[in-house]
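The chain contents come next:
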Amino acid sequence: MPKEFYKVSYKTYFNERVKPVQFRRRETYPLYVQITYDRKTTTLKSYYFDVFSQPKYDYIGMTIDQMDALESRVVDFVTARYSDRFTLADFPAWYKVFNKCVLDSLETPFKEWLIGYFETEKVAGYATLLRQGMQEVCALELLEEFKTTLAPDLYERLISKAAAEAPPYIPLAAYVRDRQPKGPFCLPLHDWLRPERQVDVEEFMWYPYKDYHITQMFKAVRKLLYPQGLPG
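In this text the structure is predicted, and so the values were computed from the model without any measurement.

Caption draft 1: Representation of the overall build of the protein within the structure. In terms of regular secondary structure, the protein is built from 11 helices and six strands. Its C-alpha atoms give the protein a radius of gyration of 19 Å, near enough to 17 Å, the size a compact globule of 232 residues would have. Along the first, second and third principal axes, the C-alpha set of the protein runs to 60 × 40 × 30 Å. With 232 residues in all, the protein has 47% of them scored as buried. Across the protein, the fraction of contacts at a sequence separation of at least 24, relative to all contacts at a separation of at least 6, is 65%. When the accessible area of the protein is evaluated, it comes to approximately 12800 Å², of which 51% is carbon and sulfur surface.

Listed below in structure tokens is the structure:
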């Protein structure tokens, strides 16, 4: 059902006017978001469906209901933040900034770091497999399998070096798994930006991830996700 908020109504729907795609090995129509304001309407392809329908994310089991809830949260955030000057023309740009998943954005940089790590450790086979399958497996699955398949000393060096050198995927993935054990495995940028969320992240990392520098982690996320600053 559409929601009303600052005279903005929105809903998600499966767009049967476009070609169906594979989702969890079954065909389905892509999820879209429809926004209506001042008797005008615009539609956008769901960012979360676009990201989490990728086969590599089958592992985390994101559901359509979870995607729908994520879309509702970002639309509510944007309409509240820009309630005094909301326009349909500006909405797509705001949506594109604030809906980004911090974990998904860290996926590729973290895997690139892993490739460099395995090359440095003279484990070229792992580096080659990662390079060729960069978009075929999610980083969370890799980490969970490394813990049981890598030689203990190689794994411990990986964890130690990651704290000093890698993008902060490891602690943030652990944080989301801890705080949202039933999903969704996602940390939207608009949620990350809340002061209370950042305080909670810092408290979570206090002991198990004490080797990470929280200030540097915040800077890394900012540089990656909004290097030009946030829309005013």
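Here the narrative resumes.
Caption draft 2: The arrangement of the nonpolar core in detail. Core analysis: the biggest nonpolar cluster contains 77 residues, and F52, F118, Y169, L172 and W192 have the highest contact counts within it. Here this core takes nine residues from helix α4 (residues 102–120), the largest share from any one element. With near-sequence residues (within four places) excluded, W192 lies in contact with V102, L172, L187, R197, Q198, V201, M217, F218 and V221.

Caption draft 3: Up close: the packing of aromatic side chains. If you walk through the whole model with that rule in mind, you get 22 aromatic pairs. Among the aromatic residues, those joined into a ring-pair cluster are Y37, F77, Y82, F86, F91, W94, Y95 and F98.

Caption draft 4: Focus on the packing of helix α10 (residues 195–205) against helix α11 (residues 214–225). Close contact between α10 and α11 brings their axes to 11 Å; oriented N to C, the two are set at 135°. On the basis of their axis angle, the class for α10 and α11 is oblique. α10 and α11 meet at a crossing whose hand is right-handed. Taking contact as the criterion, the partners of Q198, V201, E202 and M205 in α10 are, on α11, I214, M217 and F218.

Caption draft 5: The packing of helix α2 (residues 64–81) against helix α3 (residues 91–98), seen in detail. The N-to-C vectors of α2 and α3 enclose an angle of 120°; their axes lie 10 Å apart at closest approach. Comparing the axis directions of α2 and α3 gives the class oblique. Note on packing geometry: the crossing formed by α2 with α3 is right-handed. Taken together, the residues of α3 that come into contact with α2 (itself represented by E71, V74, V75, F77, V78 and R81) are F91, W94, Y95 and F98. Within the contact of α2 with α3, the residues separate by chemical class into eight nonpolar, no polar and two charged.

Caption draft 6: Just unusual backbone geometry, in detail. Here G183 and P184 are connected by a cis peptide whose omega angle stands at 0°. Mapping P184 onto the fold places it in the loop between α8 (169–179) and α9 (189–192). Even without a glycine there, the phi angle at D38 is positive, about 55°. Its location among the elements puts D38 in the loop between β5 (31–37) and β6 (40–45). The backbone of K122 shows a phi angle near 60°, a positive value even though the residue is not glycine. With respect to the element layout, K122 can be found in the loop between α4 and α5 (124–132). Residue K122 is classed as exposed on the basis of its relative accessible area of 74%.

Parameters at a glance
Residues numbered from 1 in each chain as written. Predicted model: local features only at pLDDT ≥ 70, side-chain atom pairs only at ≥ 80, totals over all residues. Heavy atoms only, no water. Helix = DSSP H or I, 4+ residues; strand = E, 2+ residues; numbered from the N terminus. Rg over C-alpha atoms; globule rule 2.2 N^0.38 Å. Buried < 20%, exposed > 50% of the residue type's maximum accessible area, 1.4 Å probe, protein only. Contact = heavy atoms within 4.5 Å. Areas by Shrake-Rupley, 256 points an atom, 1.4 Å probe, with all protein chains shown as cover. Core = buried A, V, L, I, M, F, W, Y, C linked by side-chain atoms within 4.5 Å. Phe/Tyr/Trp six-rings, centres within 6.5 Å; stacked < 30°, edge-to-face > 60°. Axes fitted to C-alpha atoms, helices over the stretch in contact; angles between N-to-C directions. Parallel < 35°, antiparallel > 145°, perpendicular 65-115°, else oblique. Left-handed = near helix turned anticlockwise from the far one by under 90°. Nonpolar A, V, L, I, M, F, W, Y, C, P; charged D, E, K, R; others polar.

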